[in-house]
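# Tertiary structure, described
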Amino acid sequence: MRDSFASASRYTFAMAFLTGEIGVYIFVAIAVHILVYMFVTRKRAKNIVGKHVVITGGSKGIGLCLAVECAMKGANVTVIARDEKMLSGAVALMEVIRQLPEQKFQYRCLDLSSEYEQVAETFANIEESLGDIYMLINCAGLAICGTFEEVSIEDARMLMNVNYWGTYNCTRYVLPKMKKSGEGIIVITASQAALFGIYGYGPYAASKFALRAMAETIAMESRHLGISVTLALPADTNTPGFENEEKTKPKETKIISGGGGLAEPEHVAKQILNDALKSNFISILGFESWLVTLLGGGLFRWGGLLQNIFHALLLGPLRVIGCFLHLHFERIIKNCAKEKND
């Protein structure tokens, strides 16, 4: 009887060991396959030497850093914004880092939320100077924070005009021309606020959600025609725009968004340009952004089959984490409300 029990115990232990060992082998095999797949399918970045790149919001922040990155890669660059002094400074900076003698840099002062005809006229003038636009980087935008009823109707309209209509007007001009030529790159800069609504970001988040929908739609309509679309989803970034944003942020919003840290615009710009040149639909920087994007963008086109299977395996556990994140945010809001009432 004792021998039988000992044999059964050894058998159980052996099976448990084998099961665990097999699990490790399976995990290693999957990991190796993923690494091999990623190595084999690495995308080659497109070359923009001598190509015409237009960057809106290119006078400061992420837009200026993108202009510098494009200039360093040999592109001809047009920067667009409203402040002529800052625009001339951006062109002067690109001149300093010029890579090729034949490179050309220029700027245009333009309110992108103007009527489409005015934007189209300016873009036509831009193309007369430097040729057809190969790459459009929509980076112009602004943020005004506050609870939904605190943000004035005028400010809410301005957010939509600048963030959505400014991007729409520029993209509307270049898209049919890119379709006709069979090539082109469009970058639409939204925000992590385009993935889920956050306290204090109401009208701003609505304008960024609209950009997300625009990017997804254009990508589906034009990918087969040789045009790539990249949706940039930066988190808080150390820019002049962020400094202004901080002035209107409620305490709750600062605590919630502050957990992700503050990225430097140079790093964000490098990531956006790298993803755009490799035709990646999503551009994010950092683990927190990856986590939020995976949870909030279930239908995003991330890449190949294996990558999507990998995400599918992660989404179940991560959904629980997302639930706890919301509970954490609700606790912050309740604590702040309690402080206000005390």
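Residues numbered from 1 in each chain as written. Predicted model: local features only at pLDDT ≥ 70, side-chain atom pairs only at ≥ 80, totals over all residues. Heavy atoms only, no water.

An unreviewed UniProt entry annotates the protein as 3-dehydrosphinganine reductase of Glossina fuscipes. Looking at the Sequence similarities (unreviewed entry) heading of the UniProt record, one finds this comment for the protein: "Belongs to the short-chain dehydrogenases/reductases (SDR) family." Its UniProt record, at the heading Function (unreviewed entry), says of the protein: "Catalyzes the reduction of 3'-oxosphinganine (3-ketodihydrosphingosine/KDS) to sphinganine (dihydrosphingosine/DHS), the second step of de novo sphingolipid biosynthesis." (UniProt positions renumbered as here; feature names shortened; annotations may be inferred.)

### Regarding the sheet that holds strand S2 (residues 76-81)
Each strand in a sheet pairs with another by means of backbone hydrogen bonds, the pair being arranged parallel or else antiparallel. Ordered by their spatial adjacency, seven strands build an open sheet running S3-S2-S1-S4-S5-S6-S7, and the pairing between neighbours is parallel. Edge positions in the open sheet fall to strand S3 (105-109) and strand S7 (282-283), since each of these has one partner strand only. Judged from the five bridges that link them, strand S1 (residues 52-56) and S2 form a sheet pairing that is parallel. Across the sheet, His52 pairs through a bridge with Asn76, a residue of S2. Where helix H4 (residues 116-130) meets the sheet, it contacts S1, S2, S3 and strand S4 (133-138), and its direction lies at approximately 165 degrees from that of S3. (Pairing = 2+ DSSP bridges. Helix = DSSP H or I, 4+ residues; strand = E, 2+ residues; numbered from the N terminus. Contact = heavy atoms within 4.5 Å. Axes fitted to C-alpha atoms, helices over the stretch in contact; angles between N-to-C directions.)

### Focus on a nonpolar patch on the surface
A cluster of nonpolar side chains, Leu305, Leu306, Ile309 and Leu313, forms an exposed patch at the surface whose accessible area comes to about 400 Å². For Ile309, the position within the fold is in helix H11 (residues 305-341). (Patch = residues over 30% accessible without salt bridge, like charges linked within 9 Å, V, L, I, M, F, W, Y side chains within 5 Å. Areas by Shrake-Rupley, 256 points an atom, 1.4 Å probe, with all protein chains shown as cover. Salt bridge = Lys/Arg side-chain N within 4 Å of Asp/Glu carboxyl O.)

### Re the pattern of salt bridges
Under the criterion given, the structure shown has nine salt bridges. For Glu252, the salt bridge goes to Lys340, with nearest N and O atoms at 3.0 Å. One end of the pair, Glu252, is in helix H8 (residues 251-258); the other, Lys340, is in helix H11, with 88 residues separating them in the sequence. For Glu252, a relative accessible area of 2% translates into the label buried. According to the relative accessible area criterion, Lys340 is exposed, its value standing at 58%. Taken together, the salt bridges that share partners define one network made up of Asp236, Glu245, Glu246 and Lys249. (Buried < 20%, exposed > 50% of the residue type's maximum accessible area, 1.4 Å probe, protein only.)

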